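Take a look at the letters that make up each chain.
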Amino acid sequence: MKQFVLNNILAVGLFLTVVSFSAAQTNDVLLNAMKTEADRSKAELKRDSLARPFYISIISGEKDIEFTFNTSFGKVKKELTDTRKSIYAGSQVLVGDYHRTQNFTSTTNRFTLPVENNEMAIRTAIWMNLDELYKNAARNYVDKMAWLKQENSKADELALDDFEKRNPTVLIQDIEKPDYDFSKAKQLSLKIGKLLTEKVNQEKLLVDELTTSFTFSREIVRYYDTEGSIYKYPKQDGRLNITLVGVTEDGEDVGAYRSFRLNNPEELPAFEDLKKAVSDMVNEYKIKYSSEDLDDPYMGPLLIVDGQVETVAKQIVNNLYTSPKTRFSNGNHYQNMPGVRIISKQLSMMINYGKIAQQIPGVKRDLAPIDIQAVVPPDTILLIKDGILKNMLTTRQPVKKFLHSNGNAKNGNSPEGVITFTGNQTYSYPEIKKMLIDEASLQGLEYAYIMNADGKLHRKVNVETGEEIPFTANFNFGQILKTMRRVLGVEDKMTASSDGTVRFPKSILLEDAELTVYKSNNRLKKNYVTRPEL
């Protein structure tokens, strides 16, 4: 895929950028409308004595195809190829100047745009949104200035800009019109649905739902801001989900679920991997159906495994986004702690971005090459080394110790990169399990816990015999970073999330953790009519 990128544009480079953009812009009605209306609004938005806008950005996502293929109990339930366009947009209006603007977040508001190539209709929808945003921004600015007069801020805090000024960035990727063939995906999904149905029948399991769901979509992302940054790139997303859901004789919900991500309908999960997933799901469902559902809290050594380690890695990352001080918040306190140990010295974490990340084996999600503030992230950010905080995920909102964006303004739940969470001193699983039992024995416990992600089977280990007893529970893990400061060991085997964007050890042993149980809203009732026979 061809890509054109310019950063920190010089005079000659600027000329080339304008020429390249003009060529790309000629037939792009949506991008033309975004640019025209953003520039017009910046120049003309003014109301009474209110602050004027100095920066406006617009981002849009045009979904041009969505394919769905569902099966139920091994039979086709739904097939839909939707080529109807839908376009969402998000915009941001900042008033005042780079040094002092209103309180805002890096995420943008969302609204819909007309799907027809009618520039005036699109511009009208954008105009209405920007007009309302400006009114809110101007009022917010007045409130902020009044708050600053009352706030006893330090000189170094007042010296900080509210928004980082940057040279424009241009990134244009070729947008092809592929002729998607979903026949292989349909065959595979149906084959897996039939295989799962056969396994359920063989085991005589009682289930309410037995489904596979294959979905795939493509979106074209466009962006323009009044600094002159502009980008355009395609993003593909697909997944194959397999689900078993039922209810026990006592009326408790029970289920098993697997999800396989993909960004190319021709690169499907291997049949052997899906076959293993089906066997694991059936076994998990059987165990859950008859397992004990625990309500008791737990305090002691804890071995977190598989999905729970992935969850912990994501939660650590979510704690490392910078956030400026506002009227309502003092910001993220970790941004004041670079060079301080925030988790166990046995743990390190980094994130790869861009082409390096996209080419890592197993990555099956299209990663955005640029963030929603038009900043291209570096190839790698080292967040934590030997437990010590080295860096944060930053946006164009400067904070005291992190003045520049590293391309992590987000409009979603995870960074557009590959997280690698590693241990410095590693052990085999048998060694880790023995350490768990030994620590539990020292603390006088009868059982030690092995915790998986919510919805998965947990296990309690008999300290005397080493026997692992499966059980179900919905745990509240508490303060993640505080809990992760006391690590006894990390397993030597690595695994990854279903989309390959989180790589982590299969298990981590915590010296001490406190778990509380929260009750879910699962049904607890008898059915009035007996279920149909499979």
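Shown above is the structure to which this text applies.
No experiment lies behind these values; they were computed from the predicted model shown.

In this structure, what is going on with the pattern of salt bridges? I would like to understand it.
Where side chains of opposite charge bring their charged atoms close, a pairing between them can arise. In the structure shown here, the tally under the stated rule is 36 salt bridges. Residue K35 pairs with D39 through a salt bridge whose shortest N-O separation is 3.1 Å. Placement of the pair is K35 and D39 together in helix α2 (residues 29-44), with a separation of four residues, close to one helical turn. A salt bridge links R84 to D82, with the shortest nitrogen-to-oxygen separation between them at 2.9 Å. Looking at R84, the relative accessible area reads 65%, which means it is exposed. Note on D82: relative accessible area 17%, which makes it buried.

I would appreciate a short explanation of the sheet that holds strand β23 (residues 502-505) in the present structure.
What holds strands together in a sheet is hydrogen bonding between their backbones, with the strands either parallel or antiparallel. If you walk across this open sheet you meet the six strands as β14-β13-β12-β15-β23-β22, and the pairing is mixed. The open sheet terminates on both sides in strands that have one partner only, identified here as β14 (388-389) and β22 (494-496). Pairing of strand β13 (residues 380-385) with β14 involves two bridges; the strand directions are antiparallel. Following the sheet pairing, K385 is matched in β14 by I388. Seen against the sheet, helix α7 (residues 307-318) touches β12 (347-353), β13, β15 (417-423) and β23 and runs at an angle of roughly 120° to β23.

For this particular structure, what's the right way to read helix α5 (residues 183-203)?
Turn by turn, an α-helix covers 3.6 residues, leaving residues three or four places apart pointing in a common direction. Taking 1.5 Å of rise per residue, 21 residues should cover 30 Å, and α5 covers 31 Å from first to last C-alpha, within 8% of that figure. Taken as a whole, α5 has its buried residues at A185, L188, S189, I192, G193, L195, L196, T197 and V200. Where α5 is buried, its residues touch β2 (53-72), β7 (209-225), β8 (230-247) and α6 (271-290). After α5 finishes, the residue K204 shows a positive phi value of roughly 55°.

Reading the values: the criteria
- Residues numbered from 1 in each chain as written.
- Predicted model: local features only at pLDDT ≥ 70, side-chain atom pairs only at ≥ 80, totals over all residues.
- Heavy atoms only, no water.
- Salt bridge = Lys/Arg side-chain N within 4 Å of Asp/Glu carboxyl O.
- Helix = DSSP H or I, 4+ residues; strand = E, 2+ residues; numbered from the N terminus.
- Buried < 20%, exposed > 50% of the residue type's maximum accessible area, 1.4 Å probe, protein only.
- Pairing = 2+ DSSP bridges.
- Contact = heavy atoms within 4.5 Å.
- Axes fitted to C-alpha atoms, helices over the stretch in contact; angles between N-to-C directions.
- Expected span 1.5 Å × (residues − 1).

These values are about where atoms sit, not about what they do.
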